[in-house]
Amino acid sequence: MAESATKTQLLDVRNLRIEAVAESGARVTLVDDVSFTLNPGEVLGLIGESGAGKSTIGLSTLVYARSGCQITGGQIVFRGHELRELGIEARQSLRGAKVAYIAQSAAAAFNPAHTLYDQVCEVALQHGVMNASQARVEAVRLFRELDLPNPETFGNRYPHQVSGGQLQRAMAAMAMIAKPDLLVFDEPTTALDVTTQVEVLASFKKLIRDHGTAALYITHDLAVVAQVADRIMVLRHGKMVEEGAATQILQQPRMDYTRMLVAERVAAQASTFVAPHGSSAQPILATRDVVASYRSGPRVIDNVSIELMRGDTLAVVGESGSGKSTLARVIVGLLPRQEGDVLFNGESLPPRLESRSKEQHRRIQMIYQMPDVALNPRQTLLDIIGRPIAFYFNKSRREVRARVEELMRQIDLPLDYISRRPGELSGGQKQRVCIARALAAEPDVIICDEVTSALDPLVADEILRLLRRIQDQTGVGYLFITHDLGTVRRIANKVAVMYKGQMVAYGATQQVFNPPYHPYTELLLSSVPEIRSDWLDEVLRKRRKVVR
Amino acid sequence: MNVLGYRLTLTALIGWLIILVCVGSAVLAPWIAPHDPNAPLGQRWEAPSAEHWFGLDQIGRDMFSRMLYGGRISITLAFLATCLAFAVGVVAGFAAALLGRWVDVALSRIADVILSMPILMSALIVISAVGSSAAVLILTIGLLYAVIVFRVARAVAMNIVVLEYVEAARLRGEGLFWVILREILPNALPPLAAEFGLRFSFAFLFVASLSFLGLGVQPPDADWGSMVKESALAIPAGLAAPLYPAAAIALLTIGVNMVVDWLLSLHSRPHGDNA
Amino acid sequence: MLKLLVQRLALGVATLLAVSVLIFWVTELLPGDLASNILGQSATPENIAAIRAELGLDRPAVERYTEWLGDAVQGDLGKSLANKRPVIDVIGPRLVNTLFLAIYAAVIAVPLSVLLGILAAIYRNSVFDKGVNIASLAAISMPEFFIGYFLILFMSVQLKWFPAIATIKPEQGFFQHLYVTFLPMLTLILVVIAHMMRMTRTSVLSVMSSPYVEMAVLKGIPKGRIVVHHALPNALAPIINVIAINLAYLIVGVVVVEAVFTFNGLGRLMVDAVAKRDIPVVQACGLIFAIVFIGLNLIADVLSILSNPRLRHPR
């Protein structure tokens, strides 16, 4: 009876249920009652935060479950065939030939021991789609189509010999070579810098459009999925929240959760800026022509001068390798500077951590990207937050406890968490504990090193709000290190843009983020995906004009 | 089954039982040994009987009683050597990981050179120079194993030192002692505990091997290894006498290894992360 | 890459030098005067002085070390204190015997254990894997002499299949040698196989759980090809290391096994020399074992450098 319906449909997933089975036999549901269909040539975006089950669903269309996981219910009908009933050999001839997968990290997914040709052509050869010379011709064609440099010789290289963005595109070539009916993109641009992401995204979009291949596009970034998807499905904790046409989800979301996601993304594009309000003449923290490098290598930061006023937030932005985190290490003394000066309240700080006084340590605190490794798993929250209080202010145990409770109220954690260990907290809660630990020292400056990058957007948003509230209450200054321009817009009144160790732009956020731009700042700004669906085409059109 | 919040597997339980029986009988040897371990009581190689469970040895002494006393020596020597190895190795390993720079380079180079010889050879060379006694055995094995423990402790500490909670403690201005005692040690204990068990089992086999070669525990004292050597002549006669102490060595080592495997499996499980 | 190889070679030679210093220092400078040690209770001031002069112990240590090393490099390892024969003559035939036994064991143990390890990794958590795992845990825990005497008791004394004493004589043929040394070989490989198999299993498992193997599965590559084409080339370096480490185990194991089977090898010679305090022989044996040990590690290092695609094909 469903025969006629399934004929036009490429993929029909019904009531999918996937569970993780622990050794002890305990079961955790990863994906619960998820259904969707996909027509030939259609692109469905799967959106959700970590733990939403997006990747697990994506892999299930290749009848694959990671170790410890099991598909325990539902149907996966592909071209009228129930995939769950396929034997091992039938699964093998499905994977790569009919349904192909593009992973998040190409650097890890390519075998270091073989050339790119070997690995790209292997798919076509193993499935008997073409012979060796045909496969090579096809590979070169795909390399050219994906804008890879020197397409004729590109495949002779080994994975470690090409850049991350190129490798990600090579993986798309590997996926396309056997001409599959369905591509599964699993966060394929998440690990890339924004300026690279634009190019890779454009290549993927062209590929899907030109070949008319259907795709599942998995990502946590609404703005990315807006560029490629016809329809979007929003997932949360393994369950479907809502599904609809891309424009409907992005413009008129029906469910609260989707609305929150969209609102968060729109806020990141806001063009209103926080104005600098620091009025004191003397900066609380400043660097003067600082130069530093690791061992005797090249300069990682070169002549960087910044000033942070009391109560202000200065963002240091840049892509990976720009030296932004190194700047933080130099300021706190983990990496001694080679030239220049670091001034705190007008006084020069010793270059080395070990030569600084307790008071100098106390007044500059740091919060990290990964709250998981920033908290000792064997200590309770009382130990963690209480230690700076006991250490710097010589308080009695009762006073320490009282202050810890006060701080926990400030960061909105229930007081009965005081004897818990970090392992019992969620990622966002852990980051709050890190904030409380920094606040416990009553510092003048907190250095925030990518503090929201490892968190889901909604959680990151809460953390940013908390940081702003704390700034209003205590007048602490933030040095905010990040790669995310949306974060900068929301929190910083001043910004320093770093590129390959040099500071290329510096000033009030309003001024740096508005014309006339520095060329690199403009490139960065224009590379941040926006939630309107014509953003990518527009950026590409503009850039092509510039080239001509 | 749960013990102190840890899931105890069947193999771990058996392992612990074996250790308990071996150590217990060694400690209680003077009270539970049925005979004087050094008194000839009958014919050489008398077969096992109700009176002499494992028979008599090459000069008619009760094998069972001798094994109880021999276990004392073997276990004590191995345990003291392991303790020495850990006292020296952990301190040096942590120092290398934390201080880095020349301390690390110097200690690591020394370790490389010492371990570029098989440990047994190094021990033989030392014994050839100073002779063999309980103190020499403990010092030699302890110090040689300290080099291995140094490497393990260094690696474990290195993995922890790079974590940001240690960096946070350093940025706070904490002293070296606090960092080691409160931040590193609690997190290094599980892997080091497994290593302690492993090291003990190796030290135990090592003492036994040296004694078997005649270069370990000297007569009239006898540990399990030298008992094997003394009774080796029984083998061509078709008697299993030397196999009893050898089997005892194997049994305790298996027991310790079972527990070590369990400790390692506890450690490899992602600790307390609810992600 | 050539630079890296030369570096490793230089490091190997430097390590060997350092080890020779250690051997010399320990045997000659540790507390307890060597001369009175050798003479024991028969020591009188006169013959102590005589022996000290004979051994050259009255000269500075550095001078004696350079002389000893210089002679050793030219093949002169001094004279045995026990029987006054040149050490090289005493050691020569013993070294040949030990090498014979070690190579015999290695030729069988290496391929067998690597194969078992790979199979156990591929069929992880199967009955085969668990069985092999338990058997190897047991084998690792048993001292060599336990296995050795056990084999003698059953296969030699009771079944009378093999001789209990492994004496090889020059007049015997090659296959006779293999037969006579079968039990010591079996004892050696039982322990070594267990170690090597477990380590191989671990390193293959870590490669099999890598993202690029998952990718190969998702490309629809059959399991056999995944193992041979995708996993093995990357597991090569760790497996080479495992083999080197275990060949070293084998050399150490030789000492005890030779004692069990009264086999006339280098290990037993060294043990006897240690008991008799025949220092020149101990030094020479120590040096030879060190050369083999360091050489094995060097070969493993070089091979894993050669098998690393990142080093073979620099950016």
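Data block above holds the structure.
For clarity, every value in this text was computed on a predicted model and none was experimentally measured.

K.L.:
Explain the pattern of salt bridges to me, and be specific about the residues and the numbers.
P.N.:
Residue and element names in this part refer to chain A. Counted according to the given criterion, the structure contains 56 salt bridges over all chains. Its salt-bridge partner being Arg288, residue Glu307 comes within 3.4 Å of it at the nearest N-O pair. With Glu307 in strand β12 (residues 301-308) and Arg288 in strand β11 (residues 285-292), this pair connects stretches of sequence that are 19 residues apart. According to the relative accessible area criterion, Arg288 is partly exposed, its value standing at 35%. Within this structure, Arg17, Glu19, Arg27, Asp32 and Lys239 form a network of salt bridges that share partners.

K.L.:
Any details on the sheet that holds strand β9 (residues 231-236) of chain A? Residues and values, ideally.
P.N.:
Residue and element names in this part refer to chain A. If you walk across this open sheet you meet the six strands as β6-β7-β8-β3-β9-β10, and the pairing is mixed. Since the sheet does not close on itself, it has two edges, and those belong to β6 (99-102) and β10 (239-245), each with one partner. The mean angle between the axes of side-by-side strands here comes to 15 degrees, regardless of whether they run parallel or antiparallel. This element, helix α12 (residues 256-267), spans β3 (43-47), β9 and β10 of the sheet and lies at about 105 degrees to β9.

K.L.:
Tell me about the environment of Phe513 of chain A, and name the residues and values.
P.N.:
Along the chain, Phe513 of chain A turns up in the loop between α21 (509-512) and α22 (519-527). Counting along the chain gives 24 residues from Phe513 of chain A to Arg489 of chain A, while the straight-line C-alpha distance between them is 8.7 Å.

K.L.:
An account of the side chain of Gln197 of chain A is needed here, citing residue identities and associated values.
P.N.:
All names here are of chain A. Along the chain, the position of Gln197 falls in helix α9 (residues 194-211). Residue classification places Gln197 among the buried positions, given a relative accessible area of 8%. The residues contacting Gln197, other than those within four sequence positions of it, are Thr189, Leu192, Val224 and Pro529.

K.L.:
Tell me about unusual backbone geometry, and name the residues and values.
P.N.:
Of all residues except glycine, most have a negative phi; of all peptide bonds, most are trans. All names here are of chain A. Note that the residue after Pro515, namely Pro516, is joined by a cis bond; omega there is -5 degrees. Turning to its location among the elements, Pro516 is positioned in the loop between α21 and α22. Positive phi is not limited to glycine here, since His237 has a value of about 50 degrees. In this structure His237 comes out as exposed when scored by relative accessible area, which is 60%. Positive phi, close to 55 degrees, is recorded for Asn394, a residue that is not glycine.

Conventions used here
- Throughout, residues of each chain are indexed from 1 in the direction in which the sequence is written.
- Each chain takes a letter, starting from A, and each ligand takes a number, starting from 1, following the order in which they are written.
- It should be noted that, the model being predicted, local features are given only for residues of pLDDT at least 70 and side-chain atom pairs only at 80 or more, the latter also being counted only at that level, while totals for whole chains, interfaces and linings use all residues.
- Remark: hydrogens and water are excluded; side-chain values derive from all non-hydrogen atoms of the structure.
- Within this document, salt bridges are pairs made up of a side-chain nitrogen of Lys or Arg and a carboxyl oxygen of Asp or Glu, the two lying within 4 Å of each other.
- Each helix is a run of H or I in the DSSP string that is no shorter than four residues. Each strand is a run of E no shorter than two, and both are numbered from the N terminus.
- Throughout, exposure labels follow a simple rule: accessible area from a 1.4 Å probe, protein chains only, divided by the maximum for the residue type, with under 20% read as buried, over 50% as exposed, and the rest as partly exposed.
- Each pair of strands is called paired provided DSSP finds at least two bridges between the two strands.
- To obtain each axis, a line is fitted to C-alpha atoms, and for helices this fit is confined to the stretch in contact; angles are then taken between N-to-C directions over 0 to 180 degrees.
- In this analysis, two residues are considered to be in contact whenever any of their non-hydrogen atoms come within 4.5 Å of each other.

That's the geometry; what it means functionally is another story.
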